[in-house]
Amino acid sequence: KLLNALDIHLPNQYKFNIFSEHKLVGSNIINHDFCKSKSELIEQISSFDVGFVPMSFSPEDKELVETSFPSKASTYLLAGIPILVLAPSYSEIYKTTKEYQIGEVCDLENLDSVVQAFSNLKKNDYTNSIYNYQKEISSRFSDFKSLISK
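Residues numbered from 1 in each chain as written. Predicted model: local features only at pLDDT ≥ 70, side-chain atom pairs only at ≥ 80, totals over all residues. Heavy atoms only, no water.

(A) Representation of the confidence of the model for the protein chain in the model. Taken as a whole, the protein chain shows an average pLDDT of 77; of its residues, 71% reach a score of 70 or greater. Per-element mean pLDDT across the protein chain ranges from 40 in strand E3 (residues 24–29) up to 95 in helix H4 (residues 92–100). Taken as a whole, residues 1–5 scores under 50 in pLDDT and shows 15 contacts with residues more than four places along the chain or in a different chain. Low pLDDT, under 50, characterises residues 12–31; the predicted model gives this stretch 50 contacts beyond four residues in sequence or across chains. (pLDDT = per-residue confidence, 0-100. Helix = DSSP H or I, 4+ residues; strand = E, 2+ residues; numbered from the N terminus. Contact = heavy atoms within 4.5 Å.)

Put into structure tokens, the structure is as follows:
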């Protein structure tokens, strides 16, 4: 019996339906080319339950991963959906997600964390955390704009 589906927006234009029984039961290719504007893309993405944000675990990418915040994460958060991060614990996106509680993080070295992340995504409401994060980032950006315009 298939219950408790999560619609997940994945990079590379794929949408997967993940179920609580931890089975991948199907996928549909989603093409974003029809979106004429960023607002249309945001509207489409807002229909998903969660956005997937993977980052490299390769040692040669460590410096980049430590300092990068993927734009897809910003897009997902702008759409008001939580993020599911698969990234090393030293990555900026991993730390930010945990600090602001804007989604869940998975650790490849602890497979139970993957199961727990999906469980948390189904039961938790991230709306307030995402809103507070958006407010803080907006405030920081305003402060930065006023600083550089002096």
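(B) Molecular detail of the side chain of Ser68. Considering the arrangement of structural elements, one finds Ser68 in the loop between helix H2 (62–67) and helix H3 (71–78). One polar contact links the side chain of Ser68 to the main-chain carbonyl oxygen of Leu64, over a distance of 2.7 Å. Residues in contact with Ser68, not counting those within four places in the same chain, are Met55, Glu92 and Ile93. (Polar contact = N/O pair within 3.5 Å; in protein donor to acceptor, adjacent residues only side chain to side chain.)

(C) Representation of the pairing of strand E6 (residues 103–106) in the model. As defined by bridge partners, strand E5 (residues 83–86) adjoins E6 across four bridges and the pair is classed as parallel. Bridge assignment links Ile83 to a residue of E6, and that residue is Gly103. Chirality of the crossover, the property in question, places the unit of E5, H4 and E6 among those that are right-handed. (Pairing = 2+ DSSP bridges. Right-handed = clockwise from strand over helix to strand, strands pointing away.)

(D) Representation of the environment of Leu108 in the model. Structurally, Leu108 can be placed in the loop between E6 and helix H5 (111–123). Residue Leu108 is classed as partly exposed on the basis of its relative accessible area of 46%. Separated by 20 residues in the primary sequence, Leu108 and Pro88 place their C-alpha atoms 8.1 Å from one another. When sequence neighbours within four positions are dropped, the list of residues in contact with Leu108 reads Phe57 and Leu86. (Buried < 20%, exposed > 50% of the residue type's maximum accessible area, 1.4 Å probe, protein only.)

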